[in-house]
Amino acid sequence: MSYGLFGREPKFFEMFKAQAENLLRTSEILHKIYLAKGPELTDPLWAKDLIEIEVEGDKLAKKIYETKVFIIPRPFEREDIRPLVKTIDDVLDFIEEAVKKLVKYRVVGDPTLNDMMLVVRESLRLVREGVCLLSNIKDDRLEKIAEKMTDCEHRADRLEDAMIDDSYETDVTQITGKQPSDFLTVGDKQKIEDAKNFKRKRRELAEIFEKAVDKCSDIFHIIGNMKLKNA
């Protein structure tokens, strides 16, 4: 059995695995949001459940920080552990922030935002796979998983860019059924304002989800640096 990162203390692999699996629990909530077809199906329990997962994540991170029994063989250093624990926790923090705002804004059922959540879910699955291979840091599968993670990062960037660009466009005809030169009623103007606000909120959510994917990518940079040390 290989314990290439934490000496002969397999307990730590289980602790990191528990942290990654707790993070993966957020994927279930994102899937429920994905299935919702409109704002009227917004469920406050999504945010409540996410908070509970985040609290558990904080407990797991603290437990790893406070455990003193492990031995780290050269060329690893104790400082390698904290960035990994913190970055996994950062991913969870961003997802919690996004879901809480999504519930508050009731931005549910948007196809492009749903595509972004699919990318986030795939990223979470890859993080779990990568963390589960820490006990065998030289495993070639890590590189393949990291490549998939890079693809997720690029897809998230493209989706974010699309939602940012769209947030600056307002098609009056599509929103009101009238030409820009036509007389607009108070109701028409309210529809236009509502459309602008929706796009602003969607852009804000996209930016937060994209940060979560970036942090998932950072996890593989950290693992990659550990692997280089152990080459």
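Residues numbered from 1 in each chain as written. Predicted model: local features only at pLDDT ≥ 70, side-chain atom pairs only at ≥ 80, totals over all residues. Heavy atoms only, no water.

## A closer look at the packing of aromatic side chains
Any aromatic ring pair is given by two values, namely how distant the centres are and how the planes are angled relative to each other. In the structure shown here, the tally under the stated rule is zero aromatic pairs. Over the ring of Tyr65 we find Arg82; its NZ or CZ atom is 4.0 Å from the centre of that ring. (Phe/Tyr/Trp six-rings, centres within 6.5 Å; stacked < 30°, edge-to-face > 60°. Lys NZ or Arg CZ within 6 Å of the ring centre and 35° of its normal.)

## Thoughts on the nonpolar core
Of all hydrophobic cores here, the largest spans 61 residues; its most connected members are Phe16, Trp46, Leu84, Ile95 and Val99. Looking at this core, the elements that each hand over two or more residues are α1 (11–24), α2 (26–35), α3 (45–66), α4 (81–105), α5 (111–132), α6 (141–167) and α8 (186–229). What Leu84 contacts, discounting residues up to four positions off in sequence, is Phe16, Leu134, Ile219, Ile222, Ile223 and Met226. (Core = buried A, V, L, I, M, F, W, Y, C linked by side-chain atoms within 4.5 Å. Buried < 20%, exposed > 50% of the residue type's maximum accessible area, 1.4 Å probe, protein only. Helix = DSSP H or I, 4+ residues; strand = E, 2+ residues; numbered from the N terminus. Contact = heavy atoms within 4.5 Å.)

## Topic: the confidence of the model for the protein
Across the protein, the average pLDDT comes to 86, with 84% of residues at or above 70. Put simply, helix α7 (residues 172–176) is where the protein has its lowest mean pLDDT, 65, and α2 is where it has its highest, 97. The low-confidence segment residues 1–8 (pLDDT under 50) makes 26 contacts with residues lying over four places distant or belonging to another chain. (pLDDT = per-residue confidence, 0-100.)

## Let's talk about unusual backbone geometry
Backbone geometry places Arg106, a non-glycine residue, at a positive phi of 60°. Taking relative accessible area as the criterion, Arg106 reaches 41% and is therefore assigned partly exposed.

## Comments concerning the pattern of salt bridges
All told, the structure shown has 16 salt bridges when counted by the stated rule. Residue Lys215 is joined to Asp90 by a salt bridge in which the shortest nitrogen-to-oxygen separation is 3.6 Å. Of this pair, Lys215 sits in helix α8 while Asp90 is found in helix α4, placing the two residues 125 residues apart along the sequence. A relative accessible area of 23% places Lys215 in the partly exposed class. With a shortest N-O distance of 3.7 Å, Glu143 and Lys227 are connected by a salt bridge. With Glu143 in helix α6 and Lys227 in helix α8, this pair connects stretches of sequence that are 84 residues apart. (Salt bridge = Lys/Arg side-chain N within 4 Å of Asp/Glu carboxyl O.)

## What about the side chain of Thr42?
By the secondary structure assignment, Thr42 is in the loop between α2 and α3. For Thr42, a relative accessible area of 13% gives the class buried. Setting aside residues no more than four positions away along its own chain, Thr42 makes contact with Val103, Arg106 and Val108.

## Structural notes on the packing of α5 against α6
Two elements in contact, α5 and α6, have axes separated by 9 Å at closest approach and are oriented at 160°. Accordingly, the angle class assigned to the pair α5 and α6 is roughly antiparallel. The element α5 and its partner α6 pack so that their crossing is left-handed. Facing α5, whose interface residues are Thr112, Leu113, Asp115, Met116, Val119, Glu122, Ser123, Leu126, Glu129 and Gly130, α6 presents Leu142, Ile145, Lys148, Met149, Cys152, Arg155, Ala156, Leu159, Glu160 and Met163. Per-class residue counts for the contact of α5 with α6 are eleven nonpolar, three polar and six charged. (Axes fitted to C-alpha atoms, helices over the stretch in contact; angles between N-to-C directions. Parallel < 35°, antiparallel > 145°, perpendicular 65-115°, else oblique. Left-handed = near helix turned anticlockwise from the far one by under 90°. Nonpolar A, V, L, I, M, F, W, Y, C, P; charged D, E, K, R; others polar.)

## Quick look at α4
Its 25 residues place the ends of α4 37 Å apart at the C-alpha level, agreeing with the 36 Å of an ideal helix rising 1.5 Å per residue. Once α4 finishes, Arg106 follows within two positions and takes phi at roughly 60°, a positive value. (Expected span 1.5 Å × (residues − 1).)

## Quick look at the environment of Ile223
Note on placement: Ile223 falls in helix α8. Assessed through its relative accessible area of 4%, Ile223 is described here as buried. Sequence spacing of Ile223 and Val131 is 92 residues, and the spatial spacing of their C-alpha atoms is 8.3 Å. Leaving out residues up to four positions away in the same chain, Ile223 has contacts with Leu84, Gly130, Leu134, Ile137 and Leu142.

## Describing the packing of α1 against α3
The angle between the axes and the distance between the axes are what describe a pair of packed helices. Viewed as axis vectors pointing N to C, α1 and α3 meet at an angle of 160°, and their least axial separation amounts to 9 Å. Considered as vectors, α1 and α3 are oriented roughly antiparallel to each other. Crossing geometry of α1 relative to α3 is assigned as left-handed. The residues of α3 that touch α1, namely those facing Phe12, Met15, Phe16, Ala18, Gln19 and Asn22, are Ile53, Glu56, Gly57, Leu60, Ala61, Lys63 and Ile64. In terms of residue class, the contact of α1 with α3 is made up of eight nonpolar, three polar and two charged.

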